[in-house]
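Observations on chain architecture
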Amino acid sequence: MSLRLLAITAAFVIAHTAAVADPIVIKYSHVVADQSPKGQAALKFKELAEKKLPGKVVVQVFPNSQLYGDGKEMEALLLGDVQIIAPSLAKFGKYTKKLQVFDLPFLFDNIQAVDRFQAGPKGQELLNSMNSSGIKGLGYLHNGMKQLSANKPLRTPADAKGLKFRIQSSDVLEAQFKAVGANPQKLAFAEVYQALQSGVVDGTENPWANTYTKKFHEVQKYIMESDHGVLDYMVITNAGWWDGLPADVRKALNEAMVESIRFGNKVAFDEAANFRQKVIDDKKAQVLPMTRAELNQWRKAMAPVWRQFEPEIGRDIIDAALKANQR
Ligand code: LMR
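We now turn to the structure provided with this report. All figures in this text were calculated on a predicted structure; none of them were measured in a lab.

Rules of the game
Residues numbered from 1 in each chain as written. Predicted model: local features only at pLDDT ≥ 70, side-chain atom pairs only at ≥ 80, totals over all residues. Heavy atoms only, no water. Helix = DSSP H or I, 4+ residues; strand = E, 2+ residues; numbered from the N terminus. Buried < 20%, exposed > 50% of the residue type's maximum accessible area, 1.4 Å probe, protein only. Bend = angle between axes of the 7 residues up to and from the residue. Contact = heavy atoms within 4.5 Å. Near = heavy atom within 4 Å. Polar contact = N/O pair within 3.5 Å; in protein donor to acceptor, adjacent residues only side chain to side chain. Areas by Shrake-Rupley, 256 points an atom, 1.4 Å probe, with all protein chains shown as cover. Nonpolar A, V, L, I, M, F, W, Y, C, P; charged D, E, K, R; others polar. Pairing = 2+ DSSP bridges. Axes fitted to C-alpha atoms, helices over the stretch in contact; angles between N-to-C directions.

At K215, a residue that is not glycine, the phi angle is positive and equals roughly 60 degrees. With respect to the element layout, K215 can be found in the loop between α8 (208-213) and β9 (222-224). We classify K215 as partly exposed; its relative accessible area is 43%. A positive phi angle, close to 45 degrees, is found at D227, a residue other than glycine. Mapping D227 onto the fold places it in the loop between β9 and β10 (230-238). Accessibility expressed as a relative area gives 36% for D227, which makes it partly exposed.

So, in structure tokens, the structure goes:
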């Protein structure tokens, strides 16, 4: 064997051994429980990605803010310390104002409308709204519509006056609660149970999956069926890392992501009613339906929030979201 051939063969063996020995480690971090739609989607992504790319990738899923909580996960993604996260759409305010559309109170009639908007041209465009910060949107993932909760029934906006509400880190949600004379407090998700239990806050808003899997109904007396807003996610990655992956790996990961999101969305659609029923069956909190007239009072009180944020979000985006309510 010529020296040159020997060198090429050796280089090939080393490269091949390295590829076999060093799979790409993908950390997927989130703040909710494994049983939630996001928790299920993350586990499904691990299963599918490792099946499609045997020996080439290892996916490590970290639920329950184990690796990073709300405050740190975006920073960690940009630093390359974690590769995939799926923050709630309420948590991107530092990177784009356009996604604030999802927090506008009483904008979407139901989760199906949210789904239509996300799948439409404006929704798809928003997946790229953080490109300039090096954040790539891989897809939307559902959780569900939010319910208001507190230790007193919240029939009308006046009932919320003076109460402290935990909110996600969203200026729109802050304005939403201020509009009814309440005191919103931005807190990380990992702190919510304790804050409700100790009375640091009086109430909050959550979809059924989060309420049940985090036992918030054990530390709230009343949950109102308000469906006044949505809590959904964008699954994101570090654009530099993603674009630097070998093309075949990126393609397979993208397929795994699409399938895992489909799976998570099915959990969100199928399980919302079950999580609600489990909360009712636990008999810790009373679940109260709301009348159309009551909801209209909340809608009216919160309407100024739309006007306040329209310049930041863009009328075109709000209109597209409204249009998604029509089937
Ligand atoms: C919250 O902070 O309430 C949610 O964004 C948590 C989550 O990821 O569902």
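A301 marks the point of greatest bend in helix α11 (residues 292-313), at about 35 degrees, and the proline P304 comes within the next four residues. Of the residues making up α11, those classed as buried are E294, L295, W298, M302, V305, W306, F309 and I313. Check the buried side of α11 and you find it contacts β5 (147-150), α6 (171-178) and α12 (315-323). Just beyond α11, the residue with positive phi is G314, at close to 105 degrees.

The local shell around the ligand consists of V31, V32, K38, S88, K91, R166, Q168, F189, N210, L231 and Y233. One nitrogen or oxygen atom from the side chain of K38 is found 2.7 Å from an oxygen atom belonging to the ligand. For the ligand, whose accessible area on its own is 270 Å², the fraction buried by protein is 100%. Each residue belonging to the shell around the ligand can be placed in one class, and the counts come to five nonpolar, three polar and three charged.

Taken together, four strands build an open sheet; the order of strands is β8-β5-β9-β11 and the sheet is mixed. Unpaired on one side and paired on the other, β8 (204-206) and β11 (286-288) mark the two borders of the sheet. Across the sheet, the axes of successive neighbouring strands diverge by a mean angle of 25 degrees, strand direction being ignored. Note that β5 and β8 share three bridges and pair antiparallel. Paired with Q147 across the bridge in β8 is N206.

Positionally, A86 belongs in the loop between β3 (84-85) and α4 (111-119). With 75 residues separating them along the chain, A86 and K161 place their C-alpha atoms 33 Å apart. Residues within four places of A86 in sequence aside, it is in contact with Y28, S29, K38, Y233, M234 and V235.

We now examine the side chain of Q176. Assignment of secondary structure puts Q176 in helix α6. Under the relative-accessibility criterion, Q176 is labelled buried at 0%. In this structure Q176 touches D103, P105, E205, H228, M302 and V305, once residues within four positions along its chain are discounted.

As a further point, take the side chain of S65. Residue placement: S65 occurs in the loop between β2 (57-62) and α3 (70-79). With residues near it in sequence (within four places) discarded, S65 still touches H30, V31 and A190.

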